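# Geometric and topological summary
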Amino acid sequence: MGLKETGTARRTQGLRRDEVAELAHMPVDYRTQLDPGRGPRPSARILDALARVLRRTPAERSHLFRLAGSSPRPAPAPCGRSAPTWPGC
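Residues numbered from 1 in each chain as written. Predicted model: local features only at pLDDT ≥ 70, side-chain atom pairs only at ≥ 80, totals over all residues. Heavy atoms only, no water.

### Topic: the overall build of the chain
In plain terms, the rule: The secondary structure listing takes helices from DSSP runs of H or I that are at least 4 residues long and strands from runs of E that are at least 2 residues long, numbered from the N terminus. Throughout, exposure labels follow a simple rule: accessible area from a 1.4 Å probe, protein chains only, divided by the maximum for the residue type, with under 20% read as buried, over 50% as exposed, and the rest as partly exposed. Any two residues whose heavy atoms approach within 4.5 Å are treated as being in contact.
Along its length, the chain carries 4 helices and 0 strands. When the helices and strands of the chain are placed in sequence order, the string is α-α-α-α. A buried classification covers 26% of the 89 residues belonging to the chain. For the chain, long-range pairs separated by at least 24 residues make up 31% of all intrachain contacts whose partners lie at least 6 apart in sequence.

Set out below in structure tokens:
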């Protein structure tokens, strides 16, 4: 899983909103609405996808869930282990 290189230099490091949306399998418009809190409350699936794409630690993942007003659910198993059907694999 990854993004194609465009060959252009970036002013800042990291992923752009559209890249995060693509990697998390969500519409760019929805992803854009999440930043300022204008959009609907994200589902646990969306929060899991964002935590995975942004490579959050378990503590950071739990914090993300709390910020979104959700109770953290158990983290999905890493790819290639007991949950081969996890959508992020």
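### Points about helix α3 (residues 44-53)
Counting buried residues along α3, 7 of its 10 residues qualify, which places the element largely inside the surrounding structure. A positive backbone phi angle near 55 degrees is found at Arg55, which sits one or two residues after α3.

### Details of the nonpolar core
Condition: Throughout this description, the term nonpolar core refers to a set of buried Ala, Val, Leu, Ile, Met, Phe, Trp, Tyr and Cys residues connected via side-chain atoms within 4.5 Å.
Val20, Ala21, Leu23, Ala24, Met26, Tyr30, Leu34, Ile46, Ala49, Leu50 and Val53 together form the largest nonpolar core, which totals 11 residues. Broken down by secondary-structure element, the contributors of at least two residues to this core are α1 (17-23), α2 (28-34) and α3. If one sorts the elements of this core by residue count, α3 sits on top with 4 residues. Not counting residues up to four positions away in its chain, the partners in contact with Ala24 are Ala49, Leu50, Arg52 and Val53.

### Re the pattern of salt bridges
When charged atoms on two side chains of opposite charge get close, those side chains can pair. Put simply, the rule reads: Every case where a carboxyl oxygen of Asp or Glu lies within 4 Å of a side-chain nitrogen of Lys or Arg is listed as a salt bridge.
Using the criterion set out here, one finds 3 salt bridges in the structure. Where Arg61 meets Asp48, a salt bridge forms, and the shortest distance between an N and an O atom there is 2.6 Å. Highlighted residues: Arg61 in helix α4 (residues 58-67) and Asp48 in helix α3, separated in sequence by 13 residues. On the basis of relative accessible area, Arg61 is assigned to the buried category, the value being 8%. Here Arg56 makes a salt bridge to Glu60, at a shortest N to O gap of 3.9 Å. You can call Arg56 partly exposed: its relative accessible area is 41%.

Shape is all these values report; function is a separate question.
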